[in-house]
Amino acid sequence: MTRINKAACIGGGVIGGGWIARFLLAGIDVDVFDPHPEATRIVGEVLANAEKAYAMLTGAPLPQRGKLTFRVTLEQAVADADWIQESVPERLDLKRKVLTQIDAAARPDALIGSSTSGLLPTDLQRDMRHPERLFVAHPYNPVYLLPLVEIVGGEKTSMETIKAAMERLPPIGMKGVHIAKEIEAFVGDRLLEALWREALWLIKDDICTVETLDDVIRYSFGLRWAQMGLFQTYRIAGGEAGMRHFLAQFGPALQWNWTKLMDVVDLDDALVEKIGQQSDEQADGLSIRELERIRDENLVGILQTLKGSHGGKGWGAGKLLKDFEQGLWASAGDDKKLVDVAQPLRLIETKVSPAWVDYNGHMTEHRYLQVFGDTSDALLRLIGVDFAYVERGHSYYTVETHIRHLGEAKLGQAIHSTCQLLSADEKRLHVFHTICDTATGETIATAEHMLLHVDAKAGKAAPAPEEVLSKVRSIVKAHAKLPVPEGVGRHVGQKR
Ligand SMILES: NC(=O)C1=CN([C@@H]2O[C@H](COP(=O)(O)OP(=O)(O)OC[C@H]3O[C@@H](n4cnc5c(N)ncnc54)[C@H](O)[C@@H]3O)[C@@H](O)[C@H]2O)C=CC1
Ligand SMILES: C[N+](C)(C)CC(=O)CC(=O)[O-]
């Protein structure tokens, strides 16, 4: 997979800031040009939110954060970037001017993406000397969490550019969709504009308030759309006969007078004030940054749920997250370099995610097992039992677990896990894991597990190969010098 080595972001507002965070958290250095006097503060706040979100999103080892540099001129910012993302305000004249400036100063092999929500790439590339490398890369807010990018070429964009742009998105956790023909607003904003236009009419005509309208979305089809989109949702709504029956039943309604579609509401002062006031009431005193954090927590929860869906294979954006994490584990390589075997192995660093918290306000039971399971997986990678090993047909399965809950882990709390390898033979690993509060070092929970090496195809236990056992033996030898952890061998029971 081809990767972005150095990015430049021209414009660091809502969307530019999101791109900056996406690149930096993928380990890519970013140079920024934005003449706004408070650009540094604004980008810093977006980045802080993004870091909070990523800490909750994944326990996979994120690369070291890229270096962020603000430049005084556009030319300096783009000079050695291989991906340049333009995110200046949505005005054709301004974008053309900025893109022409980028084109003149960028490396000849640099890719140039525009974040435009709806302008045609053919119009954007009109004045460029090398228009073949300009494409629309339309993202969704917040760019650091929502993975989709619509990739759209103009008349002069080369297919090599489109291919190169598409290839560079998965390593930063994004999914490119190539829109075959350029149209204004592409696909996503075509749909959103239609909905938005109807919504404005419903408010203007006093059919409902902005809060009622949002409730209608978020308590119903909004929940469906995140995981199945429109067509697959309607396929199910057709019952056993599926999409054909759905079309037969609801197709005729399309001729009825249900929508105002192309009639554009007049956004006069009265309507702007009406929407503004209703929106203020709906926010109930929450600031934009607070709302962003609530949004991010919810998105993290949804993405994590989708990651575990479809029998653990992952579904939609959750499958993408799963693949991204596998890439992170793979490129972190064997964690050997990071781990000191003279100590219990420090293997997982994470934060308590919103999706992990129960009605008591702290981490719910099965999430402890998840973190302990992740700890076992990290140990296995360390001894060479990685994805490739499992694909070849062997693995370790956990056959017994005993968890003790000794403290509380609250939302957003930084926690880490350690592993002490108590003993091992050619088939078994006897491990003792601990989850600690990273700030205080206090123990929150412990788990004792027995893992059994298996021939997964034959479905039975089998000795591990020498290359794995030699690594196991060296950790067991080092850990034999450590005190036996308190709680080893405990069982659940009461004196009778
Ligand atoms: N806000 C949204 O929900 C989305 C916006 N977009 C697109 O992203 C682009 C940017 O939109 P936002 O970030 O929302 O706007 P914004 O107003 O938040 O940010 C624009 C930034 O560009 C900077 N800027 C202005 N002139 C500049 C120049 N000559 N060189 C460098 N920087 C300059 C401004 O100082 C500002 O920080 C637009 O094309 C928009 O259509 C795409 C997806 C979603
Ligand atoms: C409002 N908008 C047209 C700028 C929205 C987008 O382009 C995508 C989004 O994030 O909703």
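Residues numbered from 1 in each chain as written. Chains lettered and ligands numbered in written order. Predicted model: local features only at pLDDT ≥ 70, side-chain atom pairs only at ≥ 80, totals over all residues.

### Details of the overall build of the protein
Step number 1: Of regular secondary structure, the protein possesses 16 helices and 14 strands.
Step number 2: Burial status across the protein gives 32% buried among its 496 residues.
Step number 3: For the protein, restricting intrachain contacts to residue pairs at least 6 apart in sequence, the fraction spanning at least 24 positions comes to 69%. (Helix = DSSP H or I, 4+ residues; strand = E, 2+ residues; numbered from the N terminus. Buried ≥ 20, exposed ≤ 12 C-beta atoms within 10 Å, placed from the backbone. Contact = placed C-beta atoms within 7 Å.)

### Some details on the nonpolar core
Step number 1: Of all hydrophobic cores here, the largest spans 63 residues; its most connected members are Ile 10 and Ile 84.
Step number 2: Once you skip the residues sitting within four places of it in the chain, Ile 84 turns out to touch Ala 8, Ile 10, Val 78, Ile 102, Ala 106, Ala 110 and Ile 112.
Step number 3: Among the nonpolar cores identified, the runner-up in size contains 34 residues, and Leu 345, Ala 378, Leu 422 and Phe 432 belong to it. (Core = buried A, V, L, I, M, F, W, Y, C linked by C-beta atoms within 7 Å.)

### Describing the site of ligand 2
Step number 1: Near ligand 2, the surroundings consist of Ser 117, Tyr 140, Asn 141, Asp 189 and Leu 192.
Step number 2: A class-by-class count of the residues in the shell around ligand 2 yields two nonpolar, two polar and one charged. (Near = placed C-beta within 6 Å. Nonpolar A, V, L, I, M, F, W, Y, C, P; charged D, E, K, R; others polar.)

### Things to note about the environment of Lys 181
Step number 1: Along the chain, the position of Lys 181 falls in the loop between β8 (175-178) and α7 (188-204).
Step number 2: Overall, the presence of 7 C-beta atoms within 10 Å leaves Lys 181 in the exposed class.
Step number 3: Distance in space between the C-alpha atoms of Lys 181 and Ser 114 is 16 Å, their sequence separation being 67 residues.

### A few points about the pairing of strand β9 (residues 345-351)
Step number 1: When you tally the buried positions in β9, you get five out of seven residues, the bulk of the element.
Step number 2: Taken together, the six bridges between β9 and strand β11 (residues 414-424) define a ladder with antiparallel strand orientation. Bridge pairing links Thr 350 to Ile 415 in β11. (Pairing = 2+ DSSP bridges.)

### Thoughts on the sheet that holds strand β6 (residues 134-138)
Step number 1: Spatially, the eight strands line up as an open sheet ordered β3-β2-β1-β4-β5-β6-β7-β8, and their pairing is mixed. Bordering the open sheet on either side are β3 (68-70) and β8, each of which pairs with just one other strand. Taken over all neighbouring pairs, the strand axes of this sheet differ in orientation by 25° on average, direction set aside.
Step number 2: Its contacts with the sheet place helix α6 (residues 159-168) against β4 (83-86), β5 (111-114), β6, β7 (148-153) and β8, and it is angled at close to 170° to β7. (Axes fitted to C-alpha atoms, helices over the stretch in contact; angles between N-to-C directions.)

### Regarding the UniProt feature "domain: 3-hydroxyacyl-CoA dehydrogenase C-terminal" (unreviewed entry) in the protein
Step number 1: UniProt feature "domain: 3-hydroxyacyl-CoA dehydrogenase C-terminal" (unreviewed entry): in the numbering of this structure it lies at residues 186-257.
Step number 2: Spanning residues 186-257, this segment combines 72% helix with 0% strand, and its end C-alpha atoms are found 26 Å apart. (UniProt positions renumbered as here; feature names shortened; annotations may be inferred.)

### Focus on helix α16 (residues 466-479)
Step number 1: Counted at 1.5 Å a residue, the expected span for α16 with its 14 residues is 20 Å, and the 20 Å between its end C-alpha atoms agrees.
Step number 2: By the burial criterion, the buried members of α16 are Val 468, Val 472, Ile 475 and His 479. Down the axis of α16, the smallest arc covering the buried residues is 65°, so these residues share one side. When the buried face of α16 is taken as reference, the exposed residues oriented beyond 90 degrees from it are Glu 466, Glu 467, Ser 470 and Lys 477. (Expected span 1.5 Å × (residues − 1). Arc of directions from axis to C-beta.)

### Concerning the packing of helix α1 (residues 14-25) against helix α2 (residues 39-57)
Pairs of packed helices are described in terms of their axes, by the angle between the two and the distance that separates them.
Step number 1: For the pair α1 and α2, the least separation of the axes is 9 Å and the interaxial angle reads 50°. In this view, α1 runs oblique relative to α2, as classed from their interaxial angle. Relative to α2, the crossing made by α1 is right-handed. On the side of α1, the interface is formed by Gly 17, Gly 18, Ile 20, Ala 21, Leu 24 and Leu 25, while α2 contributes Ile 42, Val 43, Val 46, Leu 47, Ala 50 and Tyr 54. (Parallel < 35°, antiparallel > 145°, perpendicular 65-115°, else oblique. Left-handed = near helix turned anticlockwise from the far one by under 90°.)

### Regarding the UniProt feature "domain: 3-hydroxyacyl-CoA dehydrogenase NAD binding" (unreviewed entry) in the protein
Step number 1: UniProt annotation of "domain: 3-hydroxyacyl-CoA dehydrogenase NAD binding" (unreviewed entry) refers to residues 6-182 when read in the numbering used here.
Step number 2: Counting secondary structure, residues 6-182 comes out at 36% helix and 20% strand; the distance between its end C-alpha atoms is 28 Å.

### A few points about the site of ligand 1
Step number 1: Taken together, 23 residues are adjacent to ligand 1, and Gly 11, Gly 13, Ile 15, His 36 and Ser 117 come closest.
Step number 2: Take the shell around ligand 1: its biggest share by element is three residues, from α1.
Step number 3: Taken together, the residues that form the shell around ligand 1 break down as ten nonpolar, eleven polar and two charged.

### Observations concerning the domain arrangement of the protein
Step number 1: Under the domain assignment used here, the protein contains domain 1 (6-186), domain 2 (189-285) and domain 3 (334-479).
Step number 2: The C-alpha centroid of domain 3 is placed 46 Å from the C-alpha centroid of domain 2. (Domains from an automatic or database assignment.)

### Section: helix α4 (residues 92-105)
Step number 1: Relative to the 20 Å expected for 14 residues at 1.5 Å per residue, α4 spans 20 Å between its end C-alpha atoms, a close match to the ideal helical length.
Step number 2: Of the positions making up α4, those classed as buried are Lys 95, Val 98, Leu 99, Ile 102 and Asp 103. Looking straight down α4, one finds its buried side chains confined to an arc of 140°; they lie on one side.
Step number 3: The secondary structure elements touched by the buried residues of α4 are β1 (6-10), α3 (74-78), β4, β5, α5 (121-124) and β6.

### Notes on unusual backbone geometry
Step number 1: Here Asn 141 and Pro 142 are connected by a cis peptide whose omega angle stands at 0°.
Step number 2: In this model, Phe 186 sits at a positive phi of 55°, which is unusual for a non-glycine residue.
Step number 3: Secondary-structure assignment places Phe 186 in the loop between β8 and α7.
Step number 4: Phe 186 gets classed as buried once you count the C-beta atoms within 10 Å, which come to 23.
Step number 5: One non-glycine residue with positive phi stands out, namely Asp 206, at about 60°.
Step number 6: Within the fold, Asp 206 resides in the loop between α7 and α8 (210-228).

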